[in-house]
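Per-entry structural report
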2 protein chains.
Amino acid sequence: MEIGIDSFASAMISSNTNNAITSSQAMSELLERIEKADESGLHLFGIGEHHRKEFLDSAPAVILAAAASRTKQIKLTSAVTVLSAADPVRVFQNFATLDLISKGRAEMVVGRGSFTESFPLFGLDFHDYDALFSEKLELLLTIRKQEVVNWSGKFRPALKNQSIYPRPFQSQIPIWVGVGGTPESFIRAGSLGLPLMVAVIGGDTHRFRPLIDLYKEAGKRAGHPPEVLKVGLHSLGYIANTSQETSTGSVESRAALFRIHSKYISGST
Amino acid sequence: MEIGIDSFASAMISSNTNNAITSSQAMSELLERIEKADESGLHLFGIGEHHRKEFLDSAPAVILAAAASRTKQIKLTSAVTVLSAADPVRVFQNFATLDLISKGRAEMVVGRGSFTESFPLFGLDFHDYDALFSEKLELLLTIRKQEVVNWSGKFRPALKNQSIYPRPFQSQIPIWVGVGGTPESFIRAGSLGLPLMVAVIGGDTHRFRPLIDLYKEAGKRAGHPPEVLKVGLHSLGYIANTSQETSTGSVESRAALFRIHSKYISGST
């Protein structure tokens, strides 16, 4: 089992502060927290992707690279890369570069995104919500598998004998599929034999059990061995000096700054 | 005057080595060199952008972010960002994130690119070589200037009341125009009042004098004050322990690894 922390890189800005200084300070503190997470033996740290004023994480690979320089063991992942709105070529290049910098500690969780802001920003149509993700995931997996790519699709120019560089440190950067509550998403991840990351930011985790069964069945049907069908789960967490402080909400300011969004519990069960 | 070093992040791979290990080692050494450049008081370090096997720099902002964590004073720049093949929204996001991480040390040099590999990789047409750059530079400057953007063009979906985040630490990230030998490029940079980076990788520097005059004249005509019309120049350099070693080519392996590509000499003269 692995345990980690995700952050959306809160900007912590307000109307009566200098936003540039506050954002830069928030970024410093985030990098400090990733360093502490590494020192304390947590397995991974994830940075989300958003394109809105309250979060600083529109370029997660850039933040993770800064964290890679300051850490030794911890895996560094996106949580999630909004793949529908991105070019899989650039996504692969960013994370392969991160993988070289961190000597094999890069991972990706890719998803359709639970916020909608990337659609108008990158000129996408909500009618293509699932088709965009499906096609781009296929291309990303192709680029991961082979150095020379021949590919064509609907949402990106075709690739004819194109090679994508740099190649990463790991033979294959782990790619998890981030899912919400859509059954088809669980089945897709299982059929592809990809590890599953259940993004539960609110609500009870036990209600996802039937969907995880769907994932496992789809994986088995497609012939994938049980050990590749890994499941990760998010849940909200609070950090303070004592259990009592977390339960009463009277957390110290230091603890409150952690703004923990969730933690992974990933394993093969 | 400022002096710096550029690198194309040579992969240093060969047919009889493990490329993953060699590339990762090359990346480590590059980051070490940037750290040394910072300690020794150089003003800036630039990372190129290429999409080919022999260079590791397809994602310069990711490398620069790793360097930002390990340095204190040195400015960190792309050299150059191949803007024609990129989405200015993502470019701005990457460098604004770098600017927050480095507390205001990010710069960009943007250009059309002297290699052609990005055209088939990103599905572009050589007929649009200049139009792509011109349109994307205009959008990048708009995003830099204002938080809420209304824009439409030919090569990217329109932006209607869209805001691009995060905002950088500096009120305006410096954007230099990287030019080769095309007179129109010098005139464009001058007309826009942007600092000029002359990318001379081979040949004599003095032959650029008439083109720099064109730049200054265009800038003056457009009403820009002389102090914004800064000029940067590249030239090849060799590093060794003694002058003699550099002139005879008998450089030590340590020095040879530097693979210095060029140095900036930028100033207002």
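About the criteria used
Residues numbered from 1 in each chain as written. Chains lettered and ligands numbered in written order. Predicted model: local features only at pLDDT ≥ 70, side-chain atom pairs only at ≥ 80, totals over all residues. Helix = DSSP H or I, 4+ residues; strand = E, 2+ residues; numbered from the N terminus. Buried ≥ 20, exposed ≤ 12 C-beta atoms within 10 Å, placed from the backbone. Contact = placed C-beta atoms within 7 Å. Nonpolar A, V, L, I, M, F, W, Y, C, P; charged D, E, K, R; others polar. pLDDT = per-residue confidence, 0-100. Axes fitted to C-alpha atoms, helices over the stretch in contact; angles between N-to-C directions. Parallel < 35°, antiparallel > 145°, perpendicular 65-115°, else oblique. Left-handed = near helix turned anticlockwise from the far one by under 90°. Least-squares fit on C-alpha atoms with pLDDT ≥ 70 in both. Core = buried A, V, L, I, M, F, W, Y, C linked by C-beta atoms within 7 Å.

**Considering the overall build of chain A**
A count of helical and extended segments in chain A gives nine helices and eleven strands. Within chain A, the fraction of its 269 residues that count as buried is 46%. Sequence-distant contacts, at least 24 apart, represent 70% of the contacts inside chain A between residues at least 6 apart.

**Considerations on the interface of chain A and chain B**
The interface is formed by 41 residues belonging to chain A together with 42 residues belonging to chain B. Listed by contribution, the elements that provide at least two residues to the side of chain A that touches chain B are helix 1 (19-39), helix 2 (60-68), helix 3 (88-101), helix 4 (118-121) and strand 7 (159-163) of chain A. Among the elements that take part in the side of chain A that touches chain B, helix 3 of chain A stands out by supplying seven residues, more than any other. Split by residue class, the side of chain A that touches chain B holds 23 nonpolar, twelve polar and six charged.

**A closer look at the confidence of the model for chain A**
Residue and element names in this part refer to chain A. Here chain A shows a mean pLDDT of 88. Residues at 70 or above account for 89%. Note that pLDDT drops below 50 for residues 250-269; the model gives that stretch 55 contacts with residues more than four away or on any other chain. We note a pTM of 0.92 for the whole complex and an ipTM of 0.91 for its interfaces.

**Some remarks on the packing of helix 2 of chain A against helix 3 (residues 88-101) of chain B**
Look at helix 2 of chain A against helix 3 of chain B: their axes get within 9 Å of each other, and the N-to-C directions meet at 30°. Classed by the angle they form, the pair helix 2 of chain A and helix 3 of chain B counts as roughly parallel. Judged by the sense of rotation from one axis to the other, the crossing of helix 2 of chain A with helix 3 of chain B is right-handed. For the pair helix 2 of chain A and helix 3 of chain B, contact is made by Val62(A), Ile63(A) and Ala66(A) and by Asn94(B), Thr97(B), Leu98(B) and Ile101(B), respectively. Partitioning the contact of helix 2 of chain A with helix 3 of chain B into residue classes produces five nonpolar, two polar and no charged.

**Considering the relation of the copies chain A and chain B**
By a simple turn and slide, chain A fits onto chain B: the slide is 0.0 Å along the axis, the RMSD is 0.0 Å, and the turn is 180°. Look at the turn and shift together and you get a two-fold axis relating the two.

**Some words on unusual backbone geometry**
Residue and element names in this part refer to chain A. Along the chain, alanine 79 connects to valine 80 via a cis peptide bond; the corresponding omega equals -5°. Across the junction of tyrosine 165 and proline 166, the peptide omega takes the value 0°, indicating a cis bond. Of note in this structure, asparagine 161 is not a glycine but carries a positive phi near 50°. Relative to the helices and strands, asparagine 161 resides in strand 7. Residue class for asparagine 161 comes out exposed when judged on the 8 C-beta atoms lying within 10 Å of it.

**Regarding the environment of Thr81(A)**
Residue and element names in this part refer to chain A. Looking at the element boundaries, threonine 81 is found in strand 4 (residues 81-82). You can call threonine 81 buried: it has 28 C-beta atoms within 10 Å. Once the C-alpha coordinates of threonine 81 and isoleucine 47 are considered, the two residues, 34 residues apart in sequence, prove to be 8.8 Å apart. Excluding its chain neighbours within four sequence positions, the residues that come into contact with threonine 81 are Glu49, Pro60, Ala86, Val91, Met108, Val109 and Val110.

**Quick look at the nonpolar core**
Ala65(A), Leu98(A), Leu196(A), Ala65(B), Leu98(B) and Leu196(B) are the most contacted members of the largest nonpolar core, which totals 144 residues. Contact partners of Leu98(B), with chain neighbours within four places excluded, come to Val62(A), Ala61(B), Leu64(B), Ala65(B), Ala68(B), Leu76(B) and Ala106(B).

**As for helix 2 of chain A**
Judged by how many residues are buried, helix 2 of chain A sits mostly within the fold: nine of nine residues are covered. Taken residue by residue, helix 2 of chain A has Pro60(A), Ala61(A), Val62(A), Ile63(A), Leu64(A), Ala65(A), Ala66(A), Ala67(A) and Ala68(A) as its buried positions.

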